[in-house]
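Letter by letter, the chains look like this.
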Amino acid sequence: MRFSVNIPNFGDFADPRTVAKVAVAAEQAGWDGLFVWDHVLHRTHGGRPFGDPWMLLTAAALATSRIRLGTLVTPVARRRPQQLARQVATLEAVSGGRVTFGAGLGGPLEDEYASFGDTTDPKVLAERLDEGLDLLQRYWSGGPVDHDGRHYQVRDVTLLPATVQRPRPPVWVAGFWPNRPPMRRAARWDGAVPLFTDARHGHVPPLGQVRDLVAYLRKEREDRSGTPFEIVLGGATPGGDAAKTRALIGPLAEAGATWWDERQIQTSEALDRLTPVLRRIEQGPPVL
């Protein structure tokens, strides 16, 4: 199992210099990755400054040399695929190929889409997500792209440079379990980042549901069982209590989880504050 730190892109973490500080602390303490949220608006956390995630991650990349960097998650349907492809490829170049791309529908839909006059129809957004992901991997290849889809059209375009990682950066797809469609989508890519209806952001997911999810993903990937696939779980662990942390995470690793993403409780005042996040980072990742 590998271990990452998860922070929002608002509050204290809207400042790229603060995110660089977090990244350096995480790398020095032995964490394997840093992931940031990708929101432009989240009314639950209103009145706070928001930072662009790709600018934040660029600052983190320039300050580090080892940890993986990415978003959890980018709402592809809210982005123009060609612009997103360039942002990721640029971060790939700056970081030396350390990007992991997390994708999903995003939300809250009313905040992130309706506030700007966009649709909130999940079916339409899911279509744009799937079509956008297909375009992204073609753009990242550095080869010519022609595309005539339901939502996007491309005429004889080649975007350079290609990504450092070949054939592309790993793509992890998020969604709420036990909803099957987003996990079917995830099974077609390189990893699943499930959220659980019974364990909101920051809460450790139920072991039984994790086992059901892993079994489902393995069945969906029977034809690709020999290729790497990540199952990314997350929550808040008591960094000062190694035994309790092992008791929480150990069974999840045994069930098939390959990454643990350390998160603050979403309703906690510590969610977007540097001091408590640094305190947990400096305690180091869990030891199993």
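In what follows, the structure referred to is the one given above.
A brief report on the enclosed structure follows.

Calculation notes
Residues numbered from 1 in each chain as written. Predicted model: local features only at pLDDT ≥ 70, side-chain atom pairs only at ≥ 80, totals over all residues. Heavy atoms only, no water. Salt bridge = Lys/Arg side-chain N within 4 Å of Asp/Glu carboxyl O. Helix = DSSP H or I, 4+ residues; strand = E, 2+ residues; numbered from the N terminus. Buried < 20%, exposed > 50% of the residue type's maximum accessible area, 1.4 Å probe, protein only. Pairing = 2+ DSSP bridges. Axes fitted to C-alpha atoms, helices over the stretch in contact; angles between N-to-C directions. Contact = heavy atoms within 4.5 Å. Expected span 1.5 Å × (residues − 1). Bend = angle between axes of the 7 residues up to and from the residue. Core = buried A, V, L, I, M, F, W, Y, C linked by side-chain atoms within 4.5 Å.

**Description of the pattern of salt bridges**
Following the criterion strictly, the structure yields 18 salt bridges and no others. The salt bridge partner of Asp 130 is Arg 188, with a shortest N-O separation of 3.3 Å. One end of the pair, Asp 130, is in helix H5 (residues 122-140); the other, Arg 188, is in the loop between helix H6 (180-187) and strand S8 (191-196), with 58 residues separating them in the sequence. On the basis of relative accessibility, which here comes to 29%, the residue Asp 130 falls in the partly exposed class. Here Arg 188 falls in the partly exposed class, since its relative accessible area comes to 44%. One continuous salt-bridge network, built from bridges that share partners, spans Asp 12, Arg 48, Asp 272 and Arg 273.

**Some words on the sheet that holds strand S7 (residues 171-177)**
Strand order in the closed barrel formed by eight strands is S1-S2-S3-S4-S7-S8-S9-S10, and the pairing between neighbours is parallel. With strand direction ignored, the average angle separating the axes of adjacent strands in the sheet is 25°. With four bridges joining them, strand S1 (residues 2-7) and strand S10 (residues 259-262) adopt parallel strand pairing. The partner of Arg 2 across the bridge, within S10, is Trp 259. Contacts from helix H3 (residues 81-95) reach strand S3 (68-75) and strand S4 (99-104), with the element oriented near 155° to S4.

**A few points about helix H8 (residues 242-255)**
If you check H8, its first and last C-alpha atoms are 20 Å apart, about what 14 residues at 1.5 Å a residue would give, namely 20 Å. The principal kink in H8, of about 30°, is found at Ile 249, preceding the proline Pro 251 by one to four residues. Every buried residue of H8 is accounted for by Thr 245, Ile 249, Gly 250, Leu 252 and Ala 255. Along its buried surface, H8 packs onto helix H7 (207-220), strand S9 (230-235) and S10. Remark: Gly 256 follows H8 within two positions and exhibits a positive phi of approximately 130°.

**Description of unusual backbone geometry**
In this model, Leu 72 is joined to Val 73 through a cis peptide bond whose omega is -5°. Examined against the element boundaries, Val 73 turns out to sit in strand S3.

**What about the nonpolar core?**
Within the largest apolar cluster, 64 residues are counted, with the highest numbers of intra-cluster contacts made by Ile 7, Leu 34, Phe 101 and Leu 133. With six residues, the top contributor of residues to this core is H5. In contact with Ile 7, other than residues within four places in its own chain, are Phe 13, Val 19, Val 22, Leu 34, Phe 35, Val 36, Trp 37 and Val 277.

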